[in-house]
Each structure stands twice: as C-alpha cells, then as structure tokens.
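Spelled out, the chains give:
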Amino acid sequence: MSKFKVVILPHGYPSVEIEREVVGGAGGELVCGDTLPDEAAALREAEDADAILVRWTRVTPEIIGRLKRCRIIVRYGIGYDNVDSASALAAGIMIGHCPTYCVDEVATHTLALLLACVRDVVNTHAKVASGGWTDNPPVRQWRMAGRTLGLIGLGNIGRCVAGKLRGWGLRILATDPFVEEDQAAATGAQLVDLRTLCREADYICVHAPLLPETHHLVDREALELMKDGVILINTARGPLLDEAALLGALDAGKVAAAGLDVFEREPLARDSRLRSHPQIVLSDHAAWYSENSLAELKRTVAEEAVRVCTGGLPLAIAYPEVLHKLGRFHEWQPSPNAVWQLKRAARLRDGRTVGQTSGLTVSRVSGPEFLPPQGHGVGDSANRQTGGLTHTHT
Ligand SMILES: NC(=O)c1ccc[n+]([C@@H]2O[C@H](COP(=O)([O-])OP(=O)(O)OC[C@H]3O[C@@H](n4cnc5c(N)ncnc54)[C@H](O)[C@@H]3O)[C@@H](O)[C@H]2O)c1
C-alpha cells in the first residue's frame, strides 16, 4: 500500500521516469495523466491525490473545489499563473514551483532574441540564404556599446541577464518595486521607475511575473513613452505586453524590432500577424528549455511533492501566506526568491499599491487573513518607485 498519491495532470513530456523514481523511492504512488483516456479521467484521479503536478492545465476554482486531500499543487516551471491562487489559498493548498531550474537558459534566450533584433540576424539570414547580397544593408542595425538596456523585473532572470551583459559597455537600468537600490547596484543596474526606464532605454527586456497588476504592464501608454526605435524583448509572460499595441507601434516605426518567446494566447494563432511581421523574431515559449533544465525541472517538481507528502514544507512556495492558514509559517525558512512575494503580500495587507501601474487592494487578490502579520521582518522601502503610470484594466 502506497503512503501517498501524486497525480500528474496531462503534460506531454516524453517520459515521467524521473518523477516515478523520486515518488516511488519515497513509497508513493505516481499516476500519470498522459496514460489516462482524457483530462476528465486525470481530474477524477486528482480528487483523492495528496499532491498534483501540473504543466499546462488551467487549475480553476472548480478543479480546486474537487480536491479532497491535496496539500500541494506543484507547477512544472517558474511561473504559476495557471493555478488559481485565491482558491488554493482559501483551501489551504500550497502552490509550489521551481524558481531556479532554467534561469541561465531564459537569460541566454533573452540575449539571443535581443542580439537577433539588434543585428537583424533573421532577415539578413533569409536574404543571403535566398541568394541575395547587399553592400549597404537596407535595414537598420545598431551597436550595443554605449546604449541603454532596461530590465523590467530584476529577479533571478533579470539579474542573470544583467550579469551576462557585464563588460558589453551598456548602461543598465532596472525597474522592480520590490528590489532595493543597493541590490540593483550589485548587479550593475541603476534602479529607476517604469516611466524613466521607458523614456531612457534603447533595449527593453521584460522579466516580471504575470500578476493582476502586471497584466499589460507594457501597454500603449508605456510604448508611447519609449524612444523611437526601441527594441523590446519578452521572455516572461505574454499578457505582460499588449500585443495589439505592440503591432501598432511596430507599424508606426516607434518600435524597431521585438523578440517574443511568449504570447497572450499560446499556442500562437496560425494566422496571428505576429507570425509574419518582418520586425519580430519569434520562438515558441522555448526559453526555458535545455536538456539539463528539463531533467532538473522534473526532479525538483517530484521532490517538492514528496517533501510535502511526507510532512515537510516545499523549498519554494508561490504564495507563502498560505502557511499562516496552515499554522506553519514559523517552520518555514524563506528562500531569497520568496522575499519579493512576502513584500508584495505585506503591501496588499496594508492596502498599498503593489506594482507600478495599479492600485490593487487586498480584497482584489486575497483575504487579509492569509497575509503575513505586520513586523514579519521583510524589509520594504514602501512605494519608492511609484512610476505614476495609470491603468484601466488591472
Ligand atoms: N519563457 C520561458 O520559458 C520562461 C521560463 C521561466 C520563467 N519565465 C518567466 O520569467 C519571468 C521572470 O522569472 P524570474 O525567475 O526572474 O522570477 P523571479 O520571481 O525571480 O523575479 C521576478 C521579479 O519581478 C519583480 N516584480 C514583481 N512585480 C513587479 C512589477 N510590477 N514590476 C516590475 N517587477 C516586478 C519581483 O520583485 C522579482 O524581483 C516570470 O514571468 C516567469 O514566469 C519564462
């Protein structure tokens, strides 16, 4: 008789041998959603699971309502925006994720897209491959040294991008409401508000998480503030960027080029104009991938589930405030990655703004009973970077 049950919702990975080894090794049963007839059958299996592993499935309030024993839902990835956090918090279910498994890959991919845009690699390749040759390149190409890079979000990936670009002669600006000036300076970046970054950067890379207040963080208003000829890269989450506004800005020549790995709807529609725009370089949400990152991801996800199913706490929790509801906050050692989530939760508790574009209040996200108590010790330099952009659809 197995000690606990872990269900992987339909996932599309070629193998789950790593998960089976980790879960089985701890005495658990692993049920793989891809071996079941359909998603409905997998969700039935999930009803009495102790832990659920999820890749793509949108874990809705209705699904969470059916879970009788689940203690943790672990997302295969860094982002966890496909899991309904308010319902999970209300049900006392932890949301786990893997904050570090592909930091190097995404940062490298960001640079690949940026350099492809700056040097117009894709169009130049197509021209030469189809027999062309021009002594004076007809399209605009730029230099890196002496220009300004803007990072929206200075977490693991933003910092890794900044680190990789040391020595390239760039001035680096960053905007992040939960990072202190000295932390930014340690990465070689100067902390500014979003407006300043939009006005001053030649190249802008998005590395913020998708949250209610970051939906369309880069919208028409932000694009209008940007320099003519700005280059924009998004390897974070599609809805951070208003795609219709981006297309308008590309057509108007305001944005010179964009590199996109993520989209408002995935897979990207076959007839999307983003696919055929000559000034957009695309990839298919592939920034995370390498053979190394995939193996690390699968092992980490399974280990987190086993930790919780055997009475422990996960190393990474997306919304640590759930530990208050479970009465286990005192047991937990916040990882460096959790610090910004705790600061955000504290601001929500205090009814303060949590981003640079919105005025979200506690009731819009989760109840105050789930938030860390005052004086938890998470430093916060308050609304230092208010930015001033207004938003209509937070
Ligand atoms: N394309 C891919 O394959 C892929 C892979 C992994 C991660 N991602 C995405 O990359 C993004 C960054 O990941 P990470 O590992 O650096 O995450 P992280 O949690 O380490 O860092 C996120 C940073 O964003 C900051 N932030 C929060 N709200 C903000 C706001 N309103 N404005 C600006 N910054 C804000 C946080 O303070 C934090 O410093 C996430 O959106 C994640 O989902 C994409």
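These figures come from a predicted structure and were not determined experimentally.

Rules behind the numbers
- The written sequence of each chain sets the order in which its residues are numbered from 1.
- Local features in this predicted model are restricted to residues of pLDDT 70 or higher, and side-chain atom pairs are both shown and tallied only at a pLDDT of 80 or more, whereas totals for entire chains, interfaces and linings draw on every residue.
- Under the DSSP-based scheme used, a helix requires at least four consecutive residues in state H or I and a strand at least two consecutive residues in state E, with every element numbered from the N terminus.
- Here a residue counts as buried when 20 or more other C-beta atoms sit within 10 Å of its C-beta, as exposed when there are 12 or fewer, and as partly exposed otherwise, the C-beta atoms being derived from the backbone.
- A pair of residues counts as a contact when their C-beta atoms, built from backbone coordinates, are separated by no more than 7 Å.
- Whether two strands pair depends on DSSP finding at least two bridges between them.
- Here an angle of 0 to 180 degrees is reported between the N-to-C directions of two axes, which are lines fitted to C-alpha atoms, with helices fitted over the stretch in contact.
- Any residue whose backbone-placed C-beta atom lies within 6 Å of a molecule or strand is treated as near that molecule or strand.
- Gly counts as polar in this scheme, as do all residues outside two lists: the nonpolar Ala, Val, Leu, Ile, Met, Phe, Trp, Tyr, Cys and Pro, and the charged Asp, Glu, Lys and Arg.
- By convention here, the domain bounds are inherited from an automatic or database domain assignment.
- Small angles under 35 degrees read as roughly parallel and large ones over 145 as roughly antiparallel, with 65 to 115 read as roughly perpendicular and the rest as oblique.
- In this scheme the handedness of a crossing depends on how the near helix is turned from the far one: anticlockwise by less than a right angle means left-handed, clockwise means right-handed.
- Each direction from the helix axis to a C-beta atom contributes to the arc, which is the arc of those directions.
- Note on handedness: a crossover is taken as right-handed if, strands pointing away from the viewer, the path from the first strand over the helix to the second is clockwise.

Trainee: In this structure, what is going on with the overall build of the protein chain? I would like to understand it.
Mentor: Scanning the protein chain from terminus to terminus reveals 16 helices and 12 strands. Within the protein chain, the proportion of its 394 residues that are buried is 47%. Taking contacts inside the protein chain between residues at least 6 apart in sequence as the whole, the part at least 24 apart equals 66%.

Trainee: Quick question: what am I supposed to make of the sheet that holds strand S3 (residues 51-54) here?
Mentor: Across a sheet, strands are paired by hydrogen bonds formed along the backbone, either parallel or antiparallel in direction. One open sheet holds the 5 strands; their spatial order is S2-S1-S3-S4-S5, and the pairing between them is parallel. Of all strands in the sheet, those bounded by a partner on one side alone are strand S2 (29-32) and strand S5 (94-96). Taken pair by pair, the neighbouring strands of this sheet meet at an average axis angle of 20 degrees, ignoring direction. Its contacts with the sheet put helix H1 (residues 17-25) on strand S1 (5-8), S2 and S3, and the angle it makes with S2 is roughly 155 degrees.

Trainee: Teacher, can you tell me more about the site of the ligand here?
Mentor: In the vicinity of the ligand lie 36 residues, with Gly79, Gly155, Ile157, Trp288 and Gly355 positioned nearest. Where the shell around the ligand is concerned, the elements lending two or more residues are helix H5 (103-118) and helix H7 (156-164). Of all the elements, H7 adds the most residues to the shell around the ligand, at 3 residues. A class-by-class count of the residues in the shell around the ligand yields 19 nonpolar, 13 polar and 4 charged. Split by domain, the shell around the ligand shows at least three residues from each of two domains, domain 1 (5-101 + 289-354 + 383-391) and domain 2 (103-282).

Trainee: Help me understand the packing of H5 against H7, please; the structure alone is not making it clear to me.
Mentor: Interhelical geometry of H5 versus H7 gives an angle of 55 degrees and a closest axis separation of 9 Å. The angle between H5 and H7 places the two elements in the oblique class. Crossing handedness for the pair H5 and H7: right-handed. Mapping the contact onto sequence places Val103, Asp104, Val106, Ala107, Thr110 and Leu111 in H5 and Asn156, Ile157, Cys160, Val161 and Lys164 in H7.

Trainee: Explanation requested: the environment of Arg299 in the structure shown.
Mentor: Within the secondary structure, Arg299 is located in helix H13 (residues 291-309). Along the backbone, Arg299 and Ile18 are 281 residues apart, and their C-alpha atoms lie at a distance of 6.0 Å.

Trainee: Sorry, what's going on with helix H11 (residues 243-251) here?
Mentor: Because an α-helix packs 3.6 residues into every turn, residues spaced three or four apart end up facing the same way. Burial in H11 covers these residues: Glu243, Leu246, Ala249 and Leu250. Angular distribution of buried residues about the axis of H11 spans 120 degrees; they occupy a single face of the element. Opposite the packed face of H11, turned more than 90 degrees from it, sit the exposed residues Ala244 and Asp251. Looking at the buried residues of H11, the elements they touch are helix H10 (220-225), strand S11 (255-260) and helix H12 (273-276). Downstream of H11 by one or two residues, Gly253 has phi in the positive range, about 80 degrees.

Trainee: Honestly, the pairing of strand S4 (residues 72-75) in this entry has me stumped. Any pointers?
Mentor: Working note: regular strand, side chains alternate between the two faces of the sheet. By the alternation rule, side chains of S4 split into Ile72 and Val74 and Ile73 and Arg75, which are all buried. Note that S3 and S4 share 4 bridges and pair parallel. Of the residues in S4, the one forming a bridge with Leu53 is Val74. Here S4 runs beside S5; their pairing, made up of 3 bridges, is parallel. If you follow Ile72 over to S5, its bridge partner there is Met94. For the segment spanning S4, helix H4 (residues 85-91) and S5, crossover handedness is right-handed.

Remember that the coordinates give geometry; whether it matters functionally is a separate question.
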